[in-house]
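# Understanding the architecture of this molecule
For reference, the chains in residue letters:
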Amino acid sequence: MKRYHLTTFGCQMNEHDSERMKGMLESLGYVEAPERDEAELILFNTCSIREAADSRFLTHLGEARKLKRERSEVVVGVGGCWAQSLKEEVFERFPFVDVAFGPGQVHMLAEFLTSDSLSAQGYFEFEGFTGHLPSRRTRPFQGWLQISVGCNCACSYCIVPSTRGREVSRPAGELVEEVAAMAADGVREVTLLGQNVNSYGRDLPRGEDGQRASFAGLLHKLDAVDGIERIRYTSPHPKDMREDVIRAHAELASVCEHIHLPLQSGSSRILKAMRRTYDRSRYLDRVAMIREHLPDVAISTDIIVGFPGESEEDFEQTLEVVEQVGYDSAFTFVFSPRRGTEAATITEDLVPHPVKSARMERLVELVQREARARSQRFVGRTLEVLVEGTSRNDPERLRGRTSHNKVVNFTGLAAPGELTDVRIDSATSQTLAGEELLRDRVTRALRASPNPPARAAR
Ligand code: SF4
């Protein structure tokens, strides 16, 4: 029985691709080894979004080389965006690597492993959806759904279009079938994945009704699938955040009360240099429309600090937008030049590292202050929580997530995969704390029974 060990770096799309890689390997008879030094096949699914990601991975790759020196039969494979960004150069720089493949070529790993020649092979075409491969889900009640691959945008700092190719959407019928199969398999929460989910369907042929598939249309179709209680998605682009998507949140019970809307910068001048195709006022218009239709929705974002040319005034404008929007959470990054991107060629007006770090500190302080203020609105309320397991910081408590994507640590009896009601007693910028309403557990159990009593409004 051959054993594999897979280390995953980066985004949710990589987590999805790794679940597919595991499903594919297990369909070939491989089993997962808990430790890397126990495996005959050592694999990495890499990220290349920032310098830090590369260096973290190279440390792990160094360990794989050591293990291969000790056991020559070990096969080392590298997949994902780092492999795609280097292509054949992988083998020149790391000759002990046996196979390298891009995000669009995961299925070729199976071809390599079942071929009789084990000389170094690279696969870097943009073809195929990993979503077509068997999946080994990390959590049985949560599933990833790859709705598209690639990105047609050209943000000047981003390596993704070169590592994941042009946008290609999967047909809606295929996605509905896959979600129905997931639901039959016990999945209750599905997260739709794409580099730019809300431009879904633009590349698909028009349907019989002459209409193009749309992201809002897809949400309506998936909301109708029995057994799916929650739908999340990542990542949308503000330029494509249209009213029909926002209305879908208000109209569809399963679409979660959380929208991730990457800002990147609050300065229109810097947004232009980033080629984000929206400016500050357009972004704030989207937020206003969201708040109008969904007053209680949680909004999270991504922000880059220290983009070349960013002045103190530009940075102040970012802080202003953070205050104006009042985000529930934010991912904050220091600008990191990526090889092959336009921004990496900028040599003037670079922001010195100490200035970047100081701005990062000020931004994080403000984001946390806003998030703490925002999360107080949940205190005293009863929220439906999807239980994910035991609390990370207290084995006596449970951990779950609200529809707003807030983590809740609470006392209760529910099991992972269950939806239960929790009364929220306190809130920090990151997490909520509370107690399960056992009375409601009885009601839910009764409701889930074959002759349930009438259902109360949400
Ligand atoms: S939208 Fe921009 S930042 Fe996002 S994946 Fe595409 S190019 Fe990269």
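Residues numbered from 1 in each chain as written. Predicted model: local features only at pLDDT ≥ 70, side-chain atom pairs only at ≥ 80, totals over all residues. Heavy atoms only, no water.

Right, let's talk about the site of the ligand for a bit. Every residue lining the ligand is accounted for by Cys 151, Cys 153, Cys 155, Tyr 157, Cys 158, Val 160, Pro 161, His 237 and Arg 276. Classifying every residue of the shell around the ligand by side-chain character gives seven nonpolar, one polar and one charged. (Near = heavy atom within 4 Å. Nonpolar A, V, L, I, M, F, W, Y, C, P; charged D, E, K, R; others polar.)

It is worth spelling out the sheet that holds strand S15 (residues 382-390) at this point. Pairing between the strands of a sheet comes from backbone hydrogen bonds, and it takes one of two forms, parallel or antiparallel. An order of S15-S16-S17-S19-S18 is seen for the five strands of this closed barrel, with the pairing classed as mixed. Within this sheet the neighbouring strands show an average axis-to-axis angle of 50°, counted without direction. Inspection of the sheet shows S15 paired to strand S16 (residues 398-402) by five bridges, in the antiparallel sense. In the sheet register, Val 387 faces S16, and the bridge partner there is Gly 400. (Pairing = 2+ DSSP bridges. Helix = DSSP H or I, 4+ residues; strand = E, 2+ residues; numbered from the N terminus. Axes fitted to C-alpha atoms, helices over the stretch in contact; angles between N-to-C directions.)

Direction vectors running N to C along helix H11 (residues 280-293) and helix H12 (residues 312-325) enclose 10°, while the axes themselves pass 11 Å from each other. One way to sum up the angle between H11 and H12 is to call them roughly parallel. Residues Arg 280, Tyr 283, Leu 284, Val 287 and Arg 291 of H11 lie in contact with H12, whose contacting residues are Gln 317, Glu 320, Val 321, Gln 324 and Val 325. When the residues that make up the contact of H11 with H12 are grouped by side-chain class, the tally is five nonpolar, two polar and three charged. (Parallel < 35°, antiparallel > 145°, perpendicular 65-115°, else oblique. Contact = heavy atoms within 4.5 Å.)

Membership of the largest hydrophobic core comes to 63 residues, with the highest contact counts inside it found for Leu 192, Leu 219 and Tyr 283. The residue makeup of this core includes at least three contributed by each of domain 2 (137-256) and domain 3 (262-274 + 289-375). With near-sequence residues (within four places) excluded, Leu 192 lies in contact with Leu 145, Ile 147, Val 197, Phe 215, Leu 218, Leu 219, Leu 222, Ile 231, Arg 232, Tyr 233 and Thr 234. With 24 residues, the next largest nonpolar core counts Phe 9, Leu 67, Val 76 and Phe 91 among its residues. (Core = buried A, V, L, I, M, F, W, Y, C linked by side-chain atoms within 4.5 Å. Buried < 20%, exposed > 50% of the residue type's maximum accessible area, 1.4 Å probe, protein only. Domains from an automatic or database assignment.)

Ordered by their spatial adjacency, three strands build an open sheet running S7-S10-S11, and the pairing between neighbours is parallel. Sheet topology places strand S7 (142-146) and strand S11 (230-234) at the edges, where each strand pairs with a single neighbour. The mean angle between the axes of side-by-side strands here comes to 25°, regardless of whether they run parallel or antiparallel. Bridge count between S7 and strand S10 (residues 189-193): five bridges; the pairing is parallel. Opposite Leu 145, over in S10, you have Leu 192 as the bridge partner.

Moving on, we get to the packing of aromatic side chains. In this structure the tally under the stated criterion is eight aromatic pairs. An aromatic cluster is defined as three or more aromatic residues linked by ring pairs; in this entry it consists of Phe 9, Phe 44, Phe 57, Trp 82, Phe 94 and Phe 96. When the ring centre of Phe 129 is taken as reference, the NZ or CZ atom of Arg 170 above it lies at 5.8 Å. (Phe/Tyr/Trp six-rings, centres within 6.5 Å; stacked < 30°, edge-to-face > 60°. Lys NZ or Arg CZ within 6 Å of the ring centre and 35° of its normal.)

This part covers the domain arrangement of the protein. Domain parsing of the protein yields domain 1 (3-123), domain 2 (137-256), domain 3 (262-274 + 289-375) and domain 4 (379-448). Using C-alpha coordinates to define each centre, domain 2 is positioned 26 Å away from domain 3. Each partner contributes to the interface: domain 2 provides 15 residues, whereas domain 3 provides 16 residues. Of the roughly 1,300 Å² buried between domain 2 and domain 3 on both sides combined, carbon and sulfur atoms contribute 69%. The three residues of domain 2 that bury the most area against domain 3 are Ser 156, Tyr 157 and Ile 246, which together make up 52% of that side's buried surface. Joining domain 2 to domain 3, the criterion identifies six residue pairs in polar contact (both at pLDDT 80 or more). (Buried area = accessible area lost by both parts, 1.4 Å probe. Polar contact = N/O pair within 3.5 Å; in protein donor to acceptor, adjacent residues only side chain to side chain.)

A few words on unusual backbone geometry. The step from Thr 234 to Ser 235 runs through a cis peptide bond, and the omega angle for that step is 5°. Within the secondary structure, Ser 235 sits in the loop between S11 and helix H9 (243-251). One non-glycine residue, Gln 264, adopts positive backbone phi at about 75°. Within the secondary structure, Gln 264 sits in the loop between strand S12 (258-260) and helix H10 (268-273). Owing to a relative accessible area of 7%, Gln 264 belongs among the buried residues under this scheme. Positive phi outside glycine occurs at Arg 275, with the angle close to 60°. Tracing the sequence through the fold places Arg 275 in the loop between H10 and H11.

Here we come to helix H8 (residues 215-223). Of the positions making up H8, those classed as buried are Phe 215, Ala 216, Leu 218, Leu 219 and Leu 222. One face of H8 carries all of its buried residues, which in axial projection span an arc of 160°. The elements touched by buried residues of H8 are S7, helix H7 (172-184), S10, S11 and H9. (Arc of directions from axis to C-beta.)

Taken as a whole, this structure holds 40 salt bridges when the rule is applied. Linked through salt bridges whose partners overlap, the residues forming this network are Asp 296, Asp 328, Arg 374, Arg 377 and Arg 381. (Salt bridge = Lys/Arg side-chain N within 4 Å of Asp/Glu carboxyl O.)

Now for the pairing of strand S3 (residues 41-46). Most of S3 is tucked away, with six of its six residues classed as buried. Residues Leu 41, Leu 43 and Asn 45 of S3 are buried on one face, and the alternating residues Ile 42, Phe 44 and Thr 46, pointing to the opposite face, are buried as well. Sheet topology note: the strand S1 (residues 3-8)/S3 ladder contains five bridges and is parallel. By the bridge assignment for S3, Tyr 4 is matched with Leu 41. Alignment of S3 against strand S4 (residues 75-80), held across six bridges, turns out to be parallel. Looking at the pairing, Leu 43 lines up with Gly 77 of S4. Viewed along the sheet, the connection from S3 through helix H2 (residues 51-70) into S4 turns out right-handed. (Right-handed = clockwise from strand over helix to strand, strands pointing away.)

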